[in-house]
Structures are given as structure tokens and as C-alpha cells.
Amino acid sequence: MFRGSGGDFTETLEKAPAKLNLSLDTPFHHHDGSEEWDMVLTSVDLADYVAVKTLGRNGRIKVTTDSGFLPNDHRNLAYQAAHLLATTYGRKEAMNIHIEKHIPVAAGMGGGSSDAAAVLRALNRLWELNLDQATLCQLGLQIDADVPYCVCSQTAHVTGRGEIITQLPKLPPMWVVIAKPKISVSTPSILRRINYAEVQHADTQALVAAIQRGDYDEICDSVENVLTPITSRLYPTVNHLKEQMVRFGADVAEMSGTGPTVFGICRKQSRAQHVANGLSGFCREVHVVRPVSLHTDFVQSSASV
């Protein structure tokens, strides 16, 4: 954290890791139309960087980004996070938020939610609010269902509307290949297509148990996303990517979130790199990453800028 001369501004940089759904199920709809979730999420070392500067005077929230695909107004989840915290705690300071994007946009990897969570963490520290993680998670739920998890960014079993987070042990050693095809998927449009009478629900508890035992093979056997059939009917590329990942050597491949990003899990880095090389001919955005925990794998969740 950096404080300007005379205390006229403070500035900090937060890392905002991407998330992957190792398992995704939605058991039912609530009466208000929101989904009940039963998911296992993990974070990976592909991350945005969110710089937050408070200017020490009354003013507006300004969001900038190096991506041409993100809105910079109230539609941006980072903007919403700043506005929510400011109105909740009566803060009127002007602030500048700059997002350096590395997580693909509209990819099912929680980039917007992770940016919003980074803003919540940053302002909690800059304004010395001393809010605990549970409070930040409850605030984050008002923005998006993935924000509470992204506040923590550690492998977890997530239930409820996204606010019930049960942390899980660190995953066994593994490498993950991420492939984002050149399409974008609207999350609301996919969720509207869920037919709860036809959903084949995932066995999330089997995955939770496998993670608790640290059993790599059982983890791979239990990876599942009940939304994959919905998205892949609209975008057949999703299933094609899954098939290609397994053909090139991934132990399992699945879609993250509502898609279209597909990930493949490998035990060794060399195998993951082989899979990535095989995909590079027909998918431009391919990354080889590892699962991480925000507060242990990154020495500090923030850095001076």
C-alpha cells in the first residue's frame, strides 16, 4: 500500500485470480428466481491485476482497463463493488480503479467477479474498515454469486446462492490446461435454459471426499458440470475442445461455469504442455496453469504500486 504525500491519496494493487468449476450443479431455483448452487471451485495462477487509488476528496468512481471488451461504468462489477462499499460505509472519496486484464472476458472463469472481490479487499484495507472475510463475502453476494468465493480464492465447496463457502484442503499436484474458444457466452441466457426436470445432477460430495483424501484419480473421475450439455448444444465447440483435450492426453476435460472455456487436468507439466501444444492450432487462447490459494501461494495478496 502506498500513501501520497500529505495523505492526499492511497493506492494498492490486488491480484484477482481466475476461478474454475471442478464441479457445478444447481439443485433448484429459489422463489426469487436465483439459483441454488452446489459447486467445487478452485483458483488458478492466471490473474487480473486491479490497482485501486483513493484520492482523499469527494468525487466519482472512475474505472479504466487495458481491455476493449469491458464496460467502465455501473455495468462493471469492480465499479459496483466500489460503489457498494462506499455507500454502505458512508465514504465519498473519489477513486480510480485500473484493471489489467489477463483472464479472458465472458469465459466462465469469474474474471469480473474476481475483479470485484479484489476491489472489496483493497478498499477494506485502504479505508481501514477491518471487515472480516465473512462480511466481505456477504457484501459480495449483492454483486454476483461468484464474488463471495473470489473474496477467498481458495479451493472450496460452495453452496446456497454462492455465500456458503466451506474451504477444502489444497489440491494434490496437478497442472491445468485452459482453452477459451473465440466465442462469448451470456451467463443469464444459459441459466434461463435450465430445465430442472431433466438435469442430471452431479455427485459433488464424491468430489469433495476425493479432495479431502487428496486422491488425484478420484478427483478426475468426479469432475462434472451440469450446464455443459446446455452450452454445448448452442456452441458445439465446447464438446469438440473437451474431446481434443482428452485425445491429446488430459486425464479429464470439462467446461468451467457457463462456458465457453474448457479445462483439462494433467498430473505432470510436460503432459499439460503437450495438450496445450496440440490445441494451439485451432484455439488462440490457451494457458497452462496450476491451482493456487490467494493467501498462501501468493506471499502477499497486494503489492505497492
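Preceding block: the structure.
Read on for an overview of the structure. Starting from 1, residues in each chain are numbered consecutively following that chain's sequence as written. Whole-chain, interface and lining totals are the exception, using all residues; otherwise, since this is a predicted model, local features are given only for residues with pLDDT of at least 70 and side-chain atom pairs are given and counted only at 80 or more. Heavy atoms from the whole structure form the basis of all side-chain values; hydrogens and water molecules are not counted.

## With respect to the sheet that holds strand S8 (residues 175-180)
Strand pairing follows a simple DSSP-based rule, namely that at least 2 bridges must link the two strands. The secondary structure listing takes helices from DSSP runs of H or I that are at least 4 residues long and strands from runs of E that are at least 2 residues long, numbered from the N terminus. Across the sheet, 4 strands lie side by side as S10-S11-S8-S12; this open sheet has antiparallel pairing. Bordering the open sheet on either side are strand S10 (252-255) and strand S12 (285-289), each of which pairs with just one other strand. Adjacent strand axes in the sheet meet at a mean angle of 20 degrees, parallel and antiparallel pairs treated alike. For S10 and strand S11 (residues 262-266), the ladder comprises 4 bridges, and the chain directions are antiparallel. Looking across to S11, one finds that Glu-254 is bridged to Phe-263. Should any heavy atoms of two residues lie within 4.5 Å, those residues are considered in contact. To obtain each axis, a line is fitted to C-alpha atoms, and for helices this fit is confined to the stretch in contact; angles are then taken between N-to-C directions over 0 to 180 degrees. Its contacts with the sheet place helix H9 (residues 237-248) against S8, S10 and S11, and it is angled at close to 15 degrees to S11. On the sheet, helix H10 (residues 269-279) packs against S8, S11 and S12 and is oriented at approximately 15 degrees with respect to S8.

## Things to note about unusual backbone geometry
In this structure, Pro-260 follows Gly-259 across a cis peptide bond, with omega equal to 10 degrees. By the element assignment, Pro-260 lies in the loop between S10 and S11. One non-glycine residue with positive phi stands out, namely Asn-130, at about 60 degrees. Its place among the elements puts Asn-130 in the loop between helix H2 (111-126) and helix H3 (133-141).

## Some words on the nonpolar core
Residues grouped as a nonpolar core are buried Ala, Val, Leu, Ile, Met, Phe, Trp, Tyr and Cys residues, joined through side-chain atoms within 4.5 Å. Classification of residues uses two cut-offs on accessible area relative to the type maximum, computed with a 1.4 Å probe and protein chains only: under 20% is buried, over 50% is exposed, and between them is partly exposed. Of all hydrophobic cores here, the largest spans 67 residues; its most connected members are Ile-97, Val-119, Leu-123 and Met-245. Here this core takes 8 residues from H2, the largest share from any one element. Apart from residues no more than four positions distant in its own chain, Leu-123 is found in contact with Val-52, Thr-54, Ala-82, Leu-85, Met-95, Glu-128 and Leu-129. Counting residues in each nonpolar core, the second largest holds 26 residues, with Leu-22, Leu-207, Ile-265 and Val-289 among its members.

## Things to note about H10
By the burial criterion, the buried members of H10 are Ala-272, Val-275, Ala-276 and Leu-279. Projected down its long axis, H10 shows its buried positions confined to an angular sector of 100 degrees, all on one face. Where H10 is buried, its residues touch S8, H9, S11 and S12. In this description, one arc is meant: the one made by directions from the helix axis to the C-beta atoms.

## Comments concerning the packing of helix H1 (residues 77-88) against H2
In helix packing, the relevant descriptors are the interaxial angle and the interaxial distance, both defined with respect to the helix axes. Two elements in contact, H1 and H2, have axes whose closest approach is 7 Å; the angle formed by their N-to-C orientations is 30 degrees. Comparing their axes, H2 and H1 come out roughly parallel. Every pair of crossing elements has a handedness; the one defined by H1 and H2 is right-handed. In this structure, H1 contributes Leu-77, Ala-78, Ala-81, Ala-82 and Leu-85 to the contact, and H2 contributes Gly-112, Ser-113, Asp-115, Ala-116, Val-119, Leu-120, Leu-123 and Asn-124. Here the term charged refers only to Asp, Glu, Lys and Arg, the term nonpolar to Ala, Val, Leu, Ile, Met, Phe, Trp, Tyr, Cys and Pro, and the term polar to all other amino acids, Gly among them. Across the contact of H1 with H2, the residue classes break down as 9 nonpolar, 3 polar and 1 charged. The labels follow the angle: roughly parallel below 35 degrees, roughly antiparallel above 145, roughly perpendicular from 65 to 115, and oblique for the rest. Note on convention: the crossing is left-handed when the near helix lies turned anticlockwise from the far helix by less than a right angle, right-handed when the turn is clockwise.

## A word on the pattern of salt bridges
For this analysis, a salt bridge means a side-chain nitrogen from Lys or Arg found within 4 Å of a carboxyl oxygen belonging to Asp or Glu. Here the structure, examined in full by the defined rule, presents 12 salt bridges. A salt bridge links Asp-73 to Arg-75; the shortest N-O distance between them is 3.0 Å. You can call Arg-75 exposed: its relative accessible area is 54%. With a shortest N-O distance of 3.5 Å, Lys-101 and Asp-115 are connected by a salt bridge. Pair noted here: Lys-101 is in the loop between strand S5 (93-100) and H2 and Asp-115 is in helix H2, with a separation of 14 residues, a long-range link. The exposure class assigned to Asp-115 is buried, which follows from its relative accessible area of 3%. Through salt bridges that share partners, Glu-14, Arg-121 and Arg-125 make up one connected network.

## Some thoughts on the packing of aromatic side chains
Aromatic pairing here means that ring centres of Phe, Tyr or Trp (its six-membered ring) are within 6.5 Å. Orientation follows from the plane angle: under 30 degrees is stacked, over 60 is edge-to-face, and everything else is tilted. In this structure the tally under the stated criterion is 0 aromatic pairs. It is Arg-247 that lies over the ring of Phe-248; its NZ or CZ is 4.5 Å from the centre. Each ring is checked for a lysine NZ or an arginine CZ that lies within 6 Å of its centre and within 35 degrees of its normal; such an atom marks a charge sitting over the ring.

## Observations concerning the packing of H9 against H10
Here H9 crosses H10 at 135 degrees, and the two axes come no closer than 9 Å. The pairing of H9 with H10 is recorded here as oblique in orientation. In this structure, the crossing between H9 and H10 has a hand that is right-handed. Residues Leu-241, Gln-244, Met-245 and Phe-248 of H9 touch H10, and the partners they reach there are Arg-271, His-274, Val-275, Gly-278 and Leu-279. Considering only residue class, the contact of H9 with H10 consists of 5 nonpolar, 3 polar and 1 charged.

## Side note on the side chain of Thr-10
Here Thr-10 lies in strand S2 (residues 10-25). Polar contacts, as used here, are pairs of N or O atoms within 3.5 Å; protein pairs need one atom able to donate a hydrogen and one able to accept it. Residues neighboring in sequence count only if both atoms are side-chain atoms. A distance of 2.5 Å separates polar atoms of two side chains, one belonging to Thr-10 and the other to Thr-54.

## Quick notes on the pairing of S2
Across the 16 residues of S2, 15 count as buried, placing the element largely inside the fold. Pairing between S2 and strand S9 (residues 224-225): 2 bridges, direction parallel. Each bridged residue has a counterpart across the sheet, and for Ser-23 the counterpart in S9 is Glu-224.

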